[in-house]
Amino acid sequence: MGLFRKGYTLNRETLHTWTQVLLIFAVLYVFLASIGAMGAAFKLYGKAFATQLVDATSHPVLGLFVGILATTLVQSSSTTTSLVVGIVAGGGLDLITAIPIVMGANIGTSVTNTLVSMGHITRPTEFRRAIAGATVHDFFNVIAVAIVLPLELSFGLLQRLAAESAVLFQNVGGMKLANPLKAAVTPLVKALSDATGHQPTILLIVSLVLMFLALRKLVKLARGVVVSRAERFLDTYLFGAAWKSFVFGIVLTVLVQSSSISTSVAIPLIGAGLLTVAQIFPYTLGANIGTTVTALLAAMSTANIAAVTIAFVHLLFNISGILLIYPVEAVRRIPLRLADALASLASRRRWIAMTYIIILFYAVPALVITLWR
């Protein structure tokens, strides 16, 4: 009888574990679809406008802010950089003007995971961790641009290195990576878009509600038995060392072809306290490298030397930013400290977080573009 009860207990525990695993995948699917729907809503708002912005850019400094705003409108740095590659290939942009747009796209792409962190806003402790984990990516990208862009405009080193690399790869030819994640969530995203009549405002509201509910459930599950058992796996194999976290960020981003997705997926884990901001930091840097693959492949398919060059600039910019900031501890800690300071303020005055998003990603770029023109 005792053996029967023990076996019954084990079976119940096994069944409960598998139920939790399936539930996590189901909620994660809804979460990823909500991000896809949010991106679709923003594209309905501004894809054509973003294209016009990039196409009409006439000055390198203006290009930086165009890159930020265009990417926040389409919620994808890959889309912006691929768009830039196409316009450069067609002769509509020169390399000097295109390079800052690509750098601005790096800043703009981090808006998605920052928006995702807002899903934790009703729970102060979670929100502080989540907003810190999201904005460390923001601050790194801003600092990298602040260092590299003036050097590039003065000396053109990235352009020269990229041009030499482009000569080697000009006639290699491009390819299109399969994206099973996009294929999986597209039906739900399309269903949501159809159900809302392709109205961007309604679709955006629905996607934010779904994201909020999915995040809440994910964090609850993350505190449960399944992820508590997986915590050792996360620490040992994925985020236990900086190089592991960095490589995982590259690989995952190449697979899903979106740094917005790969960085956003980590936010619930930070909010639940399973990962620290320091562990996530190198992962986001890996995501920066991984996201360059899409534009690089798109450029190679054009066989246009200028297009391949701008794609290599994107890759080399991310590599140089990492080499200039991450190896030196005193410099590496700057984005970590800035993210922690913002998180501390935002957890006490939550309106600060939304103000931060509006100012950095929308108001300042829009104001600069308007005044410049």
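Structure: above.
Residues numbered from 1 in each chain as written. Predicted model: local features only at pLDDT ≥ 70, side-chain atom pairs only at ≥ 80, totals over all residues. Heavy atoms only, no water.

How should the overall build of the protein chain be read in this particular structure?
Across its full length, the protein chain carries 17 helices and 0 strands. A burial count over the protein chain gives 51% of its 373 residues as buried. Within the protein chain, contacts between residues separated by at least 24 positions form 83% of all contacts whose residues are at least 6 apart in sequence. (Helix = DSSP H or I, 4+ residues; strand = E, 2+ residues; numbered from the N terminus. Buried < 20%, exposed > 50% of the residue type's maximum accessible area, 1.4 Å probe, protein only. Contact = heavy atoms within 4.5 Å.)

Please clarify how helix α11 (residues 242-256) should be interpreted in this entry.
Compared with an ideal rise of 1.5 Å per residue, which puts 15 residues at 21 Å, α11 spans 21 Å between its outermost C-alpha atoms and is within 8% of the ideal. Of all the residues in α11, the buried ones are Ser 245, Gly 249, Thr 253 and Val 256. Along α11, the residues classed as buried sweep out an arc of 75° about the axis, all on the same side. The outward face of α11, more than 90 degrees from its buried face, is lined by the exposed residues Trp 243 and Leu 255. Two residues or fewer past α11, Gln 257 is found with a positive phi of approximately 55°. (Expected span 1.5 Å × (residues − 1). Arc of directions from axis to C-beta.)

I tried to follow the side chain of Ser 110 on my own but got confused; where do I start?
Relative to the helices and strands, Ser 110 is located in the loop between α4 (95-108) and α5 (111-117). A polar atom in the side chain of Ser 110 sits 2.8 Å from the side chain of Asp 138. Setting aside residues up to four positions removed in sequence, Ser 110 forms contacts with His 137, Asp 138, Asn 141 and Phe 361. (Polar contact = N/O pair within 3.5 Å; in protein donor to acceptor, adjacent residues only side chain to side chain.)

Where do I start with the packing of helix α7 (residues 157-169) against helix α15 (residues 305-325) in this structure?
The angle between the axes and the distance between the axes are what describe a pair of packed helices. At a minimum axis distance of 8 Å, the contact between α7 and α15 shows a crossing angle of 125°. In terms of orientation, α7 and α15 fall into the oblique class. Considering how the two elements wind past one another, α7 and α15 form a crossing that is right-handed. Contacts between α7 and α15 pair Leu 158, Gln 159, Leu 161, Ala 162, Ala 163, Ser 165, Ala 166, Val 167 and Phe 169 from the former with Ile 305, Val 308, Thr 309, Phe 312, Val 313, Leu 316, Phe 317 and Ser 320 from the latter. (Axes fitted to C-alpha atoms, helices over the stretch in contact; angles between N-to-C directions. Parallel < 35°, antiparallel > 145°, perpendicular 65-115°, else oblique. Left-handed = near helix turned anticlockwise from the far one by under 90°.)

It is not clear to me how the nonpolar core should be interpreted in this structure. Could you clarify?
In a soluble, globular protein the nonpolar side chains are often hidden away together inside. Counting 75 residues, the largest nonpolar core has Val 54, Val 84, Leu 93, Met 103, Ile 310 and Phe 312 as the members making the most contacts within it. In this structure, Val 84 is in contact with Val 54, Leu 93, Ala 98, Ile 101, Val 102 and Ile 310, ignoring residues within four places of it in sequence. (Core = buried A, V, L, I, M, F, W, Y, C linked by side-chain atoms within 4.5 Å.)

When you look at the packing of aromatic side chains in this model, what are you seeing that I'm missing?
Both the distance between ring centres and the angle between the ring planes are used here to describe each pair of aromatic rings. A full pass over the atoms with the stated rule returns 7 aromatic pairs. Consider the rings of Tyr 356 and Phe 361, whose centres lie 6.4 Å apart with planes at 85°: the pair is edge-to-face. The rings of Phe 139, Tyr 356 and Phe 361 are connected pair by pair, giving a single aromatic cluster. Here the basic side chain of Arg 332 rests over the ring of Tyr 326, its NZ or CZ set 4.9 Å away from the ring centre. (Phe/Tyr/Trp six-rings, centres within 6.5 Å; stacked < 30°, edge-to-face > 60°. Lys NZ or Arg CZ within 6 Å of the ring centre and 35° of its normal.)

Would you mind showing me how to read the packing of helix α13 (residues 277-290) against helix α16 (residues 329-348) here?
Relative orientation of the contacting elements α13 and α16 amounts to 110°, with a least axis distance of 11 Å. Between α13 and α16, the angle falls in the class roughly perpendicular. For the crossing formed where α13 meets α16, the hand is right-handed. Contact with α13, carried on its side by Val 277, Ala 278 and Phe 281, involves Arg 332, Pro 335 and Leu 336 of α16 and no other residues of that element. Considering only residue class, the contact of α13 with α16 consists of 5 nonpolar, no polar and 1 charged. (Nonpolar A, V, L, I, M, F, W, Y, C, P; charged D, E, K, R; others polar.)

Looking at this structure, I do not really get the side chain of Asn 113. What am I missing?
Topologically, Asn 113 is positioned in helix α5. Excluding residues within four positions of it along the chain, Asn 113 makes contact with Ala 134, His 137, Asp 138, Thr 263, Ser 264 and Ile 267.

Quick question: what am I supposed to make of the environment of Thr 284 here?
Considering the arrangement of structural elements, one finds Thr 284 in helix α13. A residue is classified by how much of its surface remains accessible, and Thr 284, at 1% relative accessible area, is buried. When the C-alpha positions of Thr 284 and Thr 263 are compared, they lie 6.2 Å apart, and in sequence the two are 21 residues distant. Those residues in contact with Thr 284 that sit more than four places away from it in its chain are His 137 and Thr 263.

Help me understand unusual backbone geometry, please; the structure alone is not making it clear to me.
Working note: non-glycine residues mostly have negative phi, and peptide bonds are mostly trans. The backbone of His 198 shows a phi angle near 60°, a positive value even though the residue is not glycine. Along the chain, His 198 turns up in the loop between α8 (180-195) and α9 (200-222).

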